Amino acid sequence: MKKTAIMGFGNPCRSDDGVGCFVIEQLKNQFAGNEQVSLFDMGTSAFEVLFHLQGHERIIVVDAVVNSGETPGTLYRLPASEINAHIQDDPMVFLHSLKWDQALSYAKKILREAYPDDIQVYLIAVDNLRLDIGLSQPVREAGDRVVELILKELELAAYDTTA
């Protein structure tokens, strides 16, 4: 299995925006002691975490997406080919509000030739960003679905000798 970094973005104090952090929390028990999977709660200010991506062959990102026009809880999965189109040479970023596309832009600069080709992004449509703890039911269900998809993907990769 490829060494995999799973990065969850968001602010758990802004209701549904915390779905990426929720997914990381759900995965902690599944991967405790597993040296092939690294979990990163990116929160809203985790620029320094990008340096810990060195040595990973796969990156999985989970974040909320606002103003998608879709029902809250709608799940998007973007393959590496789509991700590369979003990577900027010099993204404008405030280090306390790093988003997934900015993080990957900086990760590409930091890792250079070690930047993995195998990148997946899971985005979950949200519309509740109020100051509130906890996810709405549809967003929580989508977060649980992402956990299932990641576990299934990594389980299959563990049995694939070419991965």
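The structure we're discussing is the one just above.
Residues numbered from 1 in each chain as written. Predicted model: local features only at pLDDT ≥ 70, side-chain atom pairs only at ≥ 80, totals over all residues. Heavy atoms only, no water.

Asker: Kindly report on the sheet that holds strand 4 (residues 75–78), identifying the contributing residues and their values.
Answerer: Ordered by their spatial adjacency, five strands build an open sheet running 2-1-3-5-4, and the pairing between neighbours is mixed. Single-partner strands in this sheet number two, and they are strand 2 (37–43) and strand 4. Neighbour-to-neighbour, the strand axes of this sheet turn through a mean angle of 20 degrees, independent of strand direction. Bridge count for strand 3 (residues 58–66) against strand 5 (residues 118–126) is nine bridges, and the pairing is parallel. The residue bridging Ile59 from the neighbouring strand is Ile119, located in strand 5. Contacts from helix 1 (residues 19–27) reach strand 1 (4–9), strand 2, strand 3 and strand 5 within the one sheet, and its direction differs from that of strand 1 by about 135 degrees. (Pairing = 2+ DSSP bridges. Helix = DSSP H or I, 4+ residues; strand = E, 2+ residues; numbered from the N terminus. Axes fitted to C-alpha atoms, helices over the stretch in contact; angles between N-to-C directions. Contact = heavy atoms within 4.5 Å.)

Asker: Mind laying out the nonpolar core, listing which residues take part and the relevant values?
Answerer: Membership of the largest hydrophobic core comes to 23 residues, with the highest contact counts inside it found for Met7, Leu50, Leu53, Val61, Trp100, Leu104 and Val121. Those elements giving two or more residues to this core turn out to be strand 1, strand 2, strand 3, helix 3 (100–111) and strand 5. For this core, the leading source of residues is helix 3, giving six residues. What Met7 contacts, discounting residues up to four positions off in sequence, is Ile24, Phe40, Met42, Leu50, Leu53, Ile59, Ile60, Val61, Val62 and Ala103. (Core = buried A, V, L, I, M, F, W, Y, C linked by side-chain atoms within 4.5 Å. Buried < 20%, exposed > 50% of the residue type's maximum accessible area, 1.4 Å probe, protein only.)

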